Amino acid sequence: SLTNLAVDYVLPDKMHQKVSVVGQPGGLPIGGNSSSRYSQSQTRLSREMLKVRPATLRDAKQIAELHNATAQEAFKTMIAEATVPPVQLEKRQAYWREAIEYAEPQVQVAVDGSKIVGFVGYDRSRDKGTPNTLGEIWDIYVDAAYWGQGVGLALWDAAREGLQEEGCTHVSIWVPIANDRAMRFHELAGFKREMSSAKTVPMGPVKVEEIRLKQPL
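Bear in mind that the values here come from a model prediction, so they are computed numbers and not experimental data. (Residues numbered from 1 in each chain as written. Predicted model: local features only at pLDDT ≥ 70, side-chain atom pairs only at ≥ 80, totals over all residues. Heavy atoms only, no water.)

1. As for the side chain of Ser172
Now for step 1: Relative to the helices and strands, Ser172 resides in strand β7 (residues 170-176).
Now for step 2: Accessibility expressed as a relative area gives 0% for Ser172, which makes it buried.
Now for step 3: Setting aside anything within four residues of it in sequence, one finds Ser172 in contact with Ser125, Leu134, Gly135, Glu136, Ile137, Phe191, Arg212, Leu213 and Lys214. (Helix = DSSP H or I, 4+ residues; strand = E, 2+ residues; numbered from the N terminus. Buried < 20%, exposed > 50% of the residue type's maximum accessible area, 1.4 Å probe, protein only. Contact = heavy atoms within 4.5 Å.)

If you want it as structure tokens, here you go:
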């Protein structure tokens, strides 16, 4: 599956700026940077009040569109010559409607004004033989135009708090090894690779090696 391909990359020592998170006091940190590109991005996001909130059924179409677009963009960074046919939008939208309705997984969205610019799905681990206290990031995607602006970090923080509220003590995520951006992001967030978990999975016309990362909450 094309999961966990597209997140933004933020250095941990730059996590000082706040975004508003609906239903959670104090907001969450997003990345800052002294470069002009980051400064412009942070100013715009601050002005537009980037928020992270629970997804609603009305969000399903935007989430599906973003999922298809960002999965394709992220795949290009991994294997330039290969393309993966996008999942039919109606099928993707139906999946996310059901996920939102039944909270399997729980879904949070990052919004810049009225636009959904990222989303995260999280719940108990789907891996066989794992304890109920192990949570999992099922999906985390950020609009490519917002990469490097702290959206992924805000989504990860929201998921972490949600899993803690569910009684999880650890969290895992599957990431393609060739996805340097996603791997870098999660390792900076504190995840550690479980080397024995590496496996090869089909993605369209190619096979991709994935590995599970894990960390305590």
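2. Thoughts on the pairing of strand β9 (residues 206-216)
The side chains of a regular strand alternate between the sheet's two faces.
Now for step 1: When β7 meets β9, the two strands line up antiparallel, connected through seven bridges. Across the sheet, residue Pro176 finds its bridge partner in β9, namely Glu210.
Now for step 2: Summarising the sheet, strand β8 (residues 192-203) and β9 pair through eight bridges and their orientation is antiparallel. Counterpart to Val201 in the pairing with β9 is Val208. (Pairing = 2+ DSSP bridges.)

3. Some remarks on the pairing of β7
Now for step 1: Most of β7 is tucked away: six of the seven residues are buried.
Now for step 2: With three bridges joining them, strand β6 (residues 134-142) and β7 adopt parallel strand pairing. Looking across to β7, one finds that Gly135 is bridged to Val171.
Now for step 3: Tracing the backbone out of β6, into helix α4 (residues 151-165) and back to the parallel element β7 gives a crossover that is right-handed. (Right-handed = clockwise from strand over helix to strand, strands pointing away.)

4. Details of the pattern of salt bridges
Now for step 1: Using the criterion set out here, one finds eight salt bridges in the structure.
Now for step 2: Between Asp143 and Lys115 there is a salt bridge, with its nearest N and O atoms 3.5 Å apart. Pair noted here: Asp143 is in the loop between β6 and α4 and Lys115 is in strand β5 (residues 115-124), with a separation of 28 residues, a long-range link.
Now for step 3: Residue Lys115 is classed as partly exposed on the basis of its relative accessible area, which comes to 38%.
Now for step 4: The shortest N-O distance in the salt bridge between Arg124 and Glu166 comes to 3.9 Å. Residue Arg124 is found in strand β5, and its partner Glu166 is found in the loop between α4 and β7; the two are separated by 42 residues along the sequence.
Now for step 5: The exposure class assigned to Arg124 is partly exposed, which follows from its relative accessible area of 30%. (Salt bridge = Lys/Arg side-chain N within 4 Å of Asp/Glu carboxyl O.)

None of the figures reported here should be taken as evidence of function without further support.
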